[in-house]
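# Coordinate analysis (summary)
Listed below, chain by chain, are the residues.
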Amino acid sequence: EKNTFEEIEHQHDEAWIGGPGISSSAFDSGIIGFLGDNETIYFQSEATGYSHLYTYNIRTKKKTQLTKGNWEVRDVILSIDKKTFYLTTNTTHPGNRNFYKFTVADGVLQPILTNDGAHEVSLSPDERTLLVRYSFKNKPWELYYAENKKNTSLNQITFSTKEEFKKYPWRTPEVITFQAQDGISVNARLYKPQLENSNKAAIIFVHGAGYLQNAHNYWSNYHREYMFHNLLTDLGYTVLDIDYRGSDGYGRDFRTGIYRFMGGKDLTDQIDGKNYLVKNLGIDSNRVGIYGGSYGGFITLMAMLTTPKEFASGAALRSVTDWAHYNHGYTSNILNFPETDPIAYKKSSPIYFADNLQGNLLM
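This structure is a prediction, so every number in the text was calculated from the model and none was measured. (Residues numbered from 1 in each chain as written. Predicted model: local features only at pLDDT ≥ 70, side-chain atom pairs only at ≥ 80, totals over all residues. Heavy atoms only, no water.)

### Focus on empty space enclosed by the protein
Over the atoms, a rolled probe matching the size of one water molecule traces out where space is still vacant. Under the counting rule described, the total for this entry stands at two cavities of 30 Å³ or more. Reported here for the largest cavity is a volume of approximately 40 Å³. Considered class by class, the residues forming the lining of the largest cavity number four nonpolar, two polar and two charged. Looking at the second largest cavity, the residues that line it are Arg 189, Tyr 191, Phe 205, Asn 214, Ser 220, Tyr 222, Glu 225, Tyr 226, His 229 and Asp 241. Secondary structure elements with two or more residues in the lining of the second largest cavity: β14 (185-191) and α2 (223-234). Here the element with the most residues in the lining of the second largest cavity is α2; it accounts for three residues. Residues that form the lining of the second largest cavity fall into these classes: four nonpolar, three polar and three charged. (1 Å grid on protein atoms, 1.4 Å probe; cavity = no way out; pocket = protein on both sides within 12 Å on 5 of 7 lines; lining within 4 Å. Points joined across faces, edges and corners; volume = space filled by probe spheres on them. Nonpolar A, V, L, I, M, F, W, Y, C, P; charged D, E, K, R; others polar. Helix = DSSP H or I, 4+ residues; strand = E, 2+ residues; numbered from the N terminus.)

Quick look at the structure:
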């Protein structure tokens, strides 16, 4: 009526806006909508450091934080009557995807599916039944159904793996936590050989995509690498798969820890992981290799070229060598522009350190 705009929420970060449910590009609206009263908006914010659900009443101008804690709201479904939320969270562990019912009126988080693993849930039209896609660390995704009730149980309806697959004893890697040199807790998947088979050598795997999680309790998108790591463990190697700085699932500060320096804290996290293996599992510090693809290939190059004495060998698959030649939409969030922040690009690009190579590097 007045032909004016009124700002109801402003989110800012010195690095970049993002996180679960929060728009970080023009192609994604994030989680936002109206409750049934048509005057209360719900949305997500990382104001506390973790992505949580908020409401804002456009009549009273009151903003309310609905969920809180050192965990994230990963997905939001609004009930048909628009009075209740169904939330996917990582409340019980950063590597889980739990499912809860949350009624705005009482603010209680009612557990529905909270076992270790990941639950991707669709509600039936009458909201009485759940269709669930579930997986565990050594159990690939399958479909299940369940009653929509507190602490419900799953009933499996698809069986997708072949008999040959089932015959092999796929490992359930332990998700460990070690302390990085700046005091931050870092999670990692650990594959340990039988003590009598250990060759005292280790391999560190670096996941790709930058903002991605792999030290979790469900079936990995890196299923080929998961199988390869089982093979390496059979051969006596210890394998560590680290959710380094910049990884998904651990809140805003962890996510933006690579701002203006890729190959900084995300690389020292790999070195701290190596030191954990040497100190706690008796690994020979001179017999540790590192590998990964895409961002993992980039970190492998940075490891071999900027810390040449740390790793004996590296394999860098489809790696970025110079961020100034990469996808601008991704890189500009983290390193700004090559024209305005050349220092960030130069210290983050392996090509400037190529003459430092000492170990064995496969590209």
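There is more to say, and it comes next.
### With respect to a nonpolar patch on the surface
On the surface, Leu 131, Leu 143, Tyr 145 and Ile 157 cluster together into a nonpolar patch covering about 330 Å² of accessible area. Structurally, Leu 131 is set in strand β10 (residues 129-136). Overall, Leu 131 belongs to the partly exposed group, its relative accessible area being 39%. (Patch = residues over 30% accessible without salt bridge, like charges linked within 9 Å, V, L, I, M, F, W, Y side chains within 5 Å. Areas by Shrake-Rupley, 256 points an atom, 1.4 Å probe, with all protein chains shown as cover. Salt bridge = Lys/Arg side-chain N within 4 Å of Asp/Glu carboxyl O. Buried < 20%, exposed > 50% of the residue type's maximum accessible area, 1.4 Å probe, protein only.)

### Some points on the pattern of salt bridges
One pass over the full model with this rule turns up 16 salt bridges. The residue Glu 147 makes a salt bridge to Lys 149 at a minimum N-O spacing of 3.6 Å. On the basis of relative accessible area, Lys 149 is assigned to the partly exposed category, the value being 41%. One network of salt bridges, with partners in common, ties together Asp 13, Arg 252 and Asp 253.

### Structural notes on the packing of aromatic side chains
Per the counting criterion, the structure on display carries 23 aromatic pairs. When the ring of Phe 178 is compared with that of Tyr 276, the centres are 6.1 Å apart and the planes differ by 35°; the resulting orientation is tilted. With Phe 178 in strand β13 (residues 174-179) and Tyr 276 in helix α4 (residues 265-281), this pair connects stretches of sequence that are 98 residues apart. Given the relative accessible area of 22%, Tyr 276 is considered partly exposed. Taken together through their ring pairs, the aromatic side chains of Phe 165, Tyr 168, Trp 170, Tyr 191, Trp 219 and Tyr 226 make up a single cluster. It is Arg 245 that lies over the ring of Phe 254; its NZ or CZ is 5.7 Å from the centre. In this structure, Arg 255 packs its charged tip against the face of Tyr 211, placed 5.9 Å from the ring centre. (Phe/Tyr/Trp six-rings, centres within 6.5 Å; stacked < 30°, edge-to-face > 60°. Lys NZ or Arg CZ within 6 Å of the ring centre and 35° of its normal.)

### Quick word on unusual backbone geometry
Glycine aside, the phi torsion of most residues is negative, and most peptide linkages are trans. Phi angles above zero are rare outside glycine, and Arg 260 is one such case at about 70°. Here Asn 336, not a glycine, exhibits a phi torsion of approximately 65°, which is positive. With respect to the helices and strands, the residue Asn 336 is situated in the loop between α6 (328-335) and α7 (342-348).

### Thoughts on the sheet that holds strand β6 (residues 84-89)
Read from one edge to the other, the open sheet built from four strands follows the order β5-β6-β7-β8, with strand pairing classed as antiparallel. Looking at strand neighbours, the two that pair on one side only are β5 (73-78) and β8 (109-113), the edges of this open sheet. Shown here is a sheet whose adjacent strand axes are inclined to one another by a mean of 30°, direction ignored. In terms of strand pairing, β5 meets β6 through five bridges, oriented antiparallel. Along β6, the bridge assignment pairs Leu 78 with Phe 85. (Pairing = 2+ DSSP bridges. Axes fitted to C-alpha atoms, helices over the stretch in contact; angles between N-to-C directions.)

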